[in-house]
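# Examining the three-dimensional arrangement
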Amino acid sequence: MPTDARRLAAPDSSQDPKLFGDIVKPQTLLDENEMRADGRYMTQPRNIFLQCGVVSQAKGSAYCELSKTKVICSVYGPKDIEMREEFQINKGKLKCELKYAPFSSSKHREHIPDAEDVENSDILLQAISPAVCLQRYPKSQIEVHVLVLEDDGSVMPAAITSASLALVDAGIEMYDVVTASSVRVAGQEACFIDPISSEQFSRASLHKSNDINQGMVMVALLPSINQVSSILSVGHLESSVLQEAITTCTFSAQNLHSVVRKSIISSFKK
Amino acid sequence: SITISLPSSRKCCSNSNLTNSYLVTPGDVITEDTDYMRGHGTYSIEGGEGDKLHSSVAGVVERINKLICVRALKTRFTGEVGDIVVGRVKEVQQKRWKVETNSRLDSILQLSSVNLPGGELRRRSATDELNMREYLNEGDLISAEVQQVNSDGILSLHTRSLRYGKLSQGCCVVVSPSLIKRRKNHIHNLPCGASIILANNGFVWIHPSRSECDKDADGGFLISNEAINYDEREIICRLRNCVKCLAHRNVILFDTSVLYAYEASLPYKVSVVM
Amino acid sequence: MAKVILGDSEKWFIIHGIQDDLRNDGRSCDDYRHIEVETGVISNTHGSSRLRLGNTEVMVGVKVELGTPDPHSPNDGLIHFHVDCSPNADPSFQGRGGEELSSNISCILTRIFNNKTAIDLSTLGIIPHKQCWVVHVDVLILECGGNLFDAVSVAVKASLHNTGIPNIQVTDGDEGTQEISLPDDPNDVKFINTNNCPLLVTISKAGSRHIVDATADEESCCNASLVVGVTRRGRTMGMRKMGEGSLDPESIPEMIETGKNIGRQLHIALDKLLKVEQGMANDIEKVGYL
C-alpha cells in the first residue's frame, strides 16, 4: 500500500510506553518454589507443537509453536536461479530469510530488515545448510522463508526446527533433520532450558556485579548423524560454564528429534 | 606465541642497486631525436613541437638499434610462442577452456590441443565434449605451452606433451612476470627434493618430485589425493617462502637463485623465513 | 566475500598439510602470523588504529558524539560498530557487494560487546534519559588476506584503548535543567577502560584438525569455523559458528580451549605493545598507512 510520507509525519523512532512505567522486574528467575515465571522447572522445556503443510501454495511448509512463540515457515523451490552471479555449476543455492512480523515483539518492528534480521537470516542459513544435500540440486535455488508471528523467547531454535521440517515437507533431499535448542545461563550451574522473553539475556537487565556467567547459548544439531550445525552464544561466560551449557543444549535438541519425526510421519498419514 | 609490533620498528631496506637514471615515468621525454622508432610503452604527439618521444609507462628504457621501448616494471604477461605458462582454469566453454594466465586477456585451451586419457592418437568424440569438466574443472591449475598468439592478444595454449597437463598437489606462488628470467628450461627438478616450474607468466608452481612414468597412462588427468610425507612437504613450504621472499625483494627468479635462497634459509625454521 | 578459487588438488595439499601440522607458509596449526599495530593514526578521530596481519589490512576510527541514551538502559552510553569493505580490497566489494561480509563482522562485534564488562558503558552516561556519549567504531577493510574477524577485533581494541573522551562538566541550570560544558583543553580527556575488552579468535576446522589465523587460501578449504570472543582472563564473550559445514560435537570443547589459549596470548601481546607505544609517547614517528 502506498503511503504518503509527507503527510503522515510519524516520529523517526518510537518507544514502548511500558518502558516509562514503573514495572518492577522480578530479580530472580526462580520463585521460592523453584519454579519459573510460567510454572516450569529449570530444566523443563516448553511443550512443542509442530505441523507440516500449513501453507497450501508453498512446496513445503511448517508451523512451530512453543506456547506463545509462534513461527511459520515455507519453502519454495528448487527452481531456476534468477541472478547470474549466484549460479553454481555443481551445487544448489539455499536462500534463507527470517522475518519478524511487525507486531510480533513487545516493541514495534520495522518492515525493512535491520542488522539483527540480516544476522538472524544468516545464522538460520548456516544452521540448516549442512543438512541439505545441495549437490543434488545443481544450478537451482531453494528459498526458505521464516516468519515469526509471535515472539516469546527461543525464536531461533523454533525457526531452525520449523525450517528443517518445511524442507522435509517440500521433499528436498536431506542428510538429516535439524533440531535446535537454547538455554539461558544464569550463574555457575543454572541453565534454563527454552527461556521465555522475560528470561532471555539482555544487557540492560544485568547489574555490573552479577555479569559473569550470564548469557545465552543455542545449539542446532543434526541428531542422527551427530553433528553440530550451529552454535551461538552471547554474554560473559567462563569456558567451563559455556561447555556445560552446550552439552545441555545438545541433549535438549536430541530430545526434540522424536517429536520432529512423529510430526513428519503424522503429516504423511493424513 | 604471538608477536605484535609497531610498524615503525620494521626494518627498512631499499634496493639501491637500481640506478635511477634508466627509469622513466609516464610523460618523460625519452629522446628528441626523430631518427628513432616508436616501440611499446612510448608515444609521440603528432604535430607537436618536434617529434619528441615520450614514455607512457614507468619502467626501464630499452634500445634495440633504432627501436626504443619502455618495459614496465610491473606488468602483465605478454606471451610469446613457446613460452611455458601455468594457469588456472576459469571457465569451461564449448570445446575449450578459458584459462587465467596473468595475461591481459584470458588464454584459451582448445579441447583439441590437450592429450586425453588413452593415448595421443585418440579421436575426440562427442562424449569427450560432455566430459570436459571431468578433465579440467574450474579452479584447476595446468601447465601448458603457448601455441599461438592471436591478433587480439589472446593466447592459445596446448598441453600436447607429457611435460604439461593438469597439476596435482603442490602450491602456487604468483609473482610479477618480469621477475622470471627467460631460460631454455623452466621446469626444474631441484636437488633438494622438489620440482619447480618457473612459468614465464609469473606463476611459480612447487610440487613434490614424482616419477613421471605413470603420467602417460591417463594423460595426467587422474590425480592422487594421497598425503605427501612430512619431509617433502617441509621442502615445498621452504621453497615457497623463499620464492616469496625473493619476489618481495625483486630478485630475478631462476633455478640457481631459488636454490641459493633455499640453502641460505636452511638454518632457519620454515615459518620464520617469511 | 572475496573468494579465492583453488583447484581440488591444491585444497588437498593444504588439508593434508594441516593434518601434518605443517601449513603452506611453514606455520603449525596454532601459529599466528606476525601482527603490526599502530594507534593514533587519524587526526580527526578520538581514537584510531591501523593493523596489518599478513596481507590483511584494517583501519579503525573511533568517534564519540553526544546522543540520547537507549530507554532500556537510561544511565548508560552507547557503542555502535560499523564495518565498511572498501572496493580497494576487492573489486567485488563495489556497491552492495561487501554488505554481507561487513554486516557479519559488525554483528559479531556487537555480540561480543553485548555485556556489562566488555566496555563499562555506565562511564559513558552523562544525564540519565537525556544525554550520553555515543561511541561510533568505524572499521575500514583495506585488504583481505584471511582471518578478518581476528584482525578487526585487535584493531578495535587498540583504537578503543587510544580513545579519549572529553571530560565534561554537568551543572544544574534553571528550573531543574542541566547544562553540559566542554573542557577548553582538547587534551583534557579520559580514556576508555579496555581491560575487559574481548578479542575474536577464529578457529577453522579442516579435516580432523583445526587451525587459527587461516590465510585466504586456507579459508577456502575450511567449511566450518568457530568465532569466539575471548577476554584477557580467558573467559568467552559470545561465540558463533560460521560457514556452511557442521562440527563434530566432540571437537567443540577442543576448539573452544584453543580459542581461549590463543585469545589470552593475543591479549598479552597486544597489551604489551600498547604499553610500549604509550611509553614512547611522542618520540616515535607514525608510519601511518604504508
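Residues numbered from 1 in each chain as written. Chains lettered and ligands numbered in written order. Predicted model: local features only at pLDDT ≥ 70, side-chain atom pairs only at ≥ 80, totals over all residues. Heavy atoms only, no water.

Note the cut-off: UniProt positions are given in the numbering used here, feature names are shortened, and annotations may be inferred rather than shown by experiment.
The name an unreviewed UniProt entry assigns to chain C is Exosome component 7, from the organism Ciona savignyi. Under the UniProt heading Sequence similarities (unreviewed entry), the entry covering chain C gives this text: "Belongs to the RNase PH family."

In the annotation of an unreviewed UniProt entry, the entry for chain A reads Exoribonuclease phosphorolytic domain-containing protein, and the organism field reads Ciona savignyi. What UniProt records for chain A under Sequence similarities (unreviewed entry) is the sentence "Belongs to the RNase PH family."

## Digging into the overall build of chain C
Just so we agree on the cut-off: A run of H or I in DSSP counts as a helix once it spans at least four residues, and a run of E counts as a strand once it spans at least two, with each numbered from the N terminus. Both definitions apply: the radius of gyration is a C-alpha atom measure, and the globule rule equals 2.2 Å times residues to the power 0.38. When accessible area is computed with a 1.4 Å probe and restricted to protein chains, residues below 20% of their type maximum are described as buried, those above 50% as exposed, and intermediate ones as partly exposed. Reported accessibility uses the Shrake-Rupley method at a 1.4 Å probe radius. Residues are deemed covered only where the shown protein chains occlude them. In summary, the charge assignment counts Lys and Arg as positive and Asp and Glu as negative, without counting His or the chain termini. Charge positions come from single atoms, namely NZ of Lys, CZ of Arg, CG of Asp or CD of Glu.
When helices and strands are counted, chain C shows five helices and 14 strands. Scaling as 2.2 N^0.38, a compact globule of 290 residues should have a C-alpha radius of gyration of about 19 Å, and chain C matches this with 20 Å. Looking at chain C as a whole, 58% of its 290 residues qualify as buried. For chain C, the exposed surface amounts to about 11900 Å²; the carbon and sulfur share of it is 46%. A distance of 5 Å separates the average location of the 26 positive side-chain charges in chain C from that of its 41 negative side-chain charges.

## As for the sheet that holds strand 7 (residues 191–193) of chain A
Short version of the rule: Note on pairing: DSSP must find at least two bridges between two strands before they are called paired. Between N-to-C directions, angles span 0 to 180 degrees; the directions come from axes that are lines fitted to C-alpha atoms, helices contributing only their stretch in contact. Any two residues whose heavy atoms approach within 4.5 Å are treated as being in contact.
With antiparallel pairing, the eight strands of this open sheet are ordered in space as 7(A)-6(A)-8(A)-9(A)-14(C)-13(C)-11(C)-12(C). Strands with a single pairing partner mark the edges of an open sheet, and in this sheet they are strand 7 of chain A together with strand 12 (209–212) of chain C. The sheet shows a mean angle of 20° between the axes of neighbouring strands, direction not considered. Pairing of strand 13 (residues 224–230) of chain C with strand 14 (residues 236–242) of chain C involves five bridges; the strand directions are antiparallel. Note that in strand 14 of chain C the partner of Leu226 of chain C across the bridge is Lys241 of chain C. Running at roughly 60° to strand 14 of chain C, helix 1 (residues 115–128) of chain A makes contact with strand 8 (214–222) and strand 9 (227–237) of chain A together with strand 14 of chain C of the sheet. Sitting on the sheet, helix 2 (residues 155–169) of chain A touches strand 6 (179–186) and strand 8 of chain A, and the angle it makes with strand 6 of chain A is about 170°.

## Concerning the packing of helix 3 (residues 148–161) of chain C against helix 5 (residues 251–280) of chain C
Residue and element names in this part refer to chain C. Operational definition: Put simply, a crossing is left-handed when the front helix is turned counterclockwise from the back one by less than a right angle, and right-handed when it is turned clockwise. Put simply, Ala, Val, Leu, Ile, Met, Phe, Trp, Tyr, Cys and Pro go in the nonpolar bin, Asp, Glu, Lys and Arg in the charged bin, and everything else, Gly too, in the polar bin.
Across the interface, helix 3 lies against helix 5 with an axial gap of 11 Å and an inter-helix angle of 35°. The handedness of the crossing between helix 3 and helix 5 is right-handed. Of helix 5, the residues touching helix 3 (which contributes Val154, Lys157, Ala158 and His161) are Leu266, His267, Leu270, Asp271, Leu274 and Gln278. Taken together, the residues that form the contact of helix 3 with helix 5 break down as five nonpolar, three polar and two charged.

## Quick notes on the interface of chain A and chain C
Rules: The term buried area refers to how much accessible surface (probe radius 1.4 Å) is lost by two components on association, counted for both of them together. By salt bridge we mean one thing: a side-chain nitrogen of Lys or Arg within 4 Å of a carboxyl oxygen of Asp or Glu. By the criterion applied in these results, polar contacts are pairs of N or O atoms within 3.5 Å in which, for protein atoms, one can donate a hydrogen and the other can accept it, and in which residues neighboring in sequence qualify only through two side-chain atoms.
Taken together, the contacts link 38 residues of chain A with 38 residues of chain C. Of the roughly 3600 Å² buried between chain A and chain C on both sides combined, carbon and sulfur atoms contribute 54%. Residues Glu244 of chain C and Lys91 of chain A are paired through a salt bridge, measuring 3.8 Å at the closest nitrogen-oxygen approach. Our count for the chain A to chain C interface comes out at 15 residue pairs in polar contact (both at pLDDT 80 or more). A per-element tally of the side of chain A that touches chain C places strand 9 of chain A first, with 11 residues. The pairing of strand 9 of chain A with strand 14 of chain C spans four bridges and is antiparallel. Bridge pairing in strand 14 of chain C links Ser233 of chain A to Met239 of chain C.

## As for the environment of Leu141 of chain B
Counting through the fold element by element, Leu141 of chain B comes out in strand 12 (residues 141–149). When the C-alpha atoms of Leu141 of chain B and Gly165 of chain B are compared, they prove to be 8.7 Å apart, with 24 residues separating the residues in sequence. When neighbours within four sequence positions are excluded, Leu141 of chain B is seen to be in contact with Val86, Gly87, Arg88, Gly165, Lys166, Leu167, Cys172 and Trp205 of chain B together with Glu10 of chain C.

## A word on the nonpolar core
Cut-off, in case you're wondering: We call a set of buried residues a nonpolar core when its members are Ala, Val, Leu, Ile, Met, Phe, Trp, Tyr or Cys and they connect through side-chain atoms within 4.5 Å of each other.
Formed by 87 residues in total, the largest nonpolar core has its most connected members in Val217 of chain A together with Phe113, Val137, Val156 and Leu160 of chain C. Setting aside its immediate chain neighbours within four residues, Val137 of chain C contacts Val60, Gly61, Val62, Ile79, His80, Phe81, His82, Val156 and Leu160 of chain C. Of all hydrophobic cores here, the second largest spans 47 residues; its members include Val75, Ala127, Ala166 and Leu232 of chain A.

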